[in-house]
Amino acid sequence: WRTESSGTATIASSSTSVEVAHELARDPSAKDCSVTPTNDLGAATKFWTSKVGRYTFYINVDAAPGDSGATFAWICAIY
């Protein structure tokens, strides 16, 4: 059985996280979601996911990115 969802997300210039709605048909675990930065992270040097739950997960950075924010492509898939 398989369920998959993907999209993009932006952490605002003055924030350190964004909540992402994954819309999967089953509860994912952290290993089921992959995130890739698609621009310069600005002032941030690290990113990670957290709070992976039934409907959402969070993408976090260690410092507010500044300027235009930090953008990410993500995919969550359960096989």
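An account of the accompanying structure is given in this report. Note that the structure is predicted; figures quoted are calculated from it, not measured.

Further remarks concern the sheet that holds strand 5 (residues 56–61). If you trace the three strands from one edge of the open sheet to the other, you get 2-5-4, paired in antiparallel fashion. Each edge of the open sheet carries a strand with a single partner, namely strand 2 (17–21) and strand 4 (47–50). The average angle at which neighbouring strand axes cross in this sheet is 25 degrees, direction not considered. Where strand 4 and strand 5 come together, four bridges link them in antiparallel fashion. Residue Thr-49 lies in a different strand from strand 5, and its bridge partner there is Ile-59.

Time to look at the packing of aromatic side chains. According to the stated counting rule, one finds two aromatic pairs in the structure shown. Where Phe-47 meets Phe-72, the ring centres are 5.6 Å apart and the plane angle is 50 degrees; that geometry is what we call tilted. Here Phe-47, found in strand 4, pairs with Phe-72, found in strand 6 (residues 70–78); they are 25 residues apart in sequence, far enough to count as distant. Residue classification places Phe-47 among the partly exposed residues on the basis of a relative accessible area of 33%. Between the aromatic rings of Phe-57 and Trp-74, the centroid separation amounts to 5.6 Å while the plane-to-plane angle is 75 degrees, which identifies the pairing as edge-to-face. Remark: Trp-74 occurs in strand 6 and Phe-57 occurs in strand 5; sequence separation between them is 17 residues. Overall, Trp-74 belongs to the buried group, its relative accessible area being 6%. Across from the ring centre of Tyr-58, 4.8 Å away, lies the NZ or CZ of Lys-51, which sits over that ring.

Definitions and cut-offs
- Note that residues are indexed from 1 along each chain, following the sequence as it is written.
- Owing to the predicted nature of the model, reporting of local features is limited to residues with pLDDT of at least 70; listing and counting of side-chain atom pairs is limited to 80 or more, with chain, interface and lining totals taken over all residues.
- To get the side-chain values, all heavy atoms of the structure are used, and hydrogens and water are removed first.
- DSSP-based pairing: two strands are paired if at least 2 bridges between them are found.
- Strands are runs of DSSP state E lasting at least two residues, helices are runs of H or I lasting at least four, and both sets are numbered from the N terminus onward.
- Structural elements are reduced to axes, namely lines fitted to C-alpha atoms, with helices fitted over the stretch in contact, and the angle between N-to-C directions of any two is expressed from 0 to 180 degrees.
- Two aromatic rings, drawn from Phe, Tyr or Trp (for Trp, its six-membered ring), form a pair once their centres lie within 6.5 Å of each other, and the interplanar angle then sorts them: stacked below 30 degrees, edge-to-face above 60, tilted otherwise.
- For every residue, the accessible area (1.4 Å probe, protein chains only) is compared with the maximum for its type, and the residue is labelled buried under 20%, exposed over 50%, or partly exposed between those bounds.
- Sitting over a ring, as applied to charges here, requires NZ of Lys or CZ of Arg to be within 6 Å of the ring centre and within 35 degrees of the ring normal.

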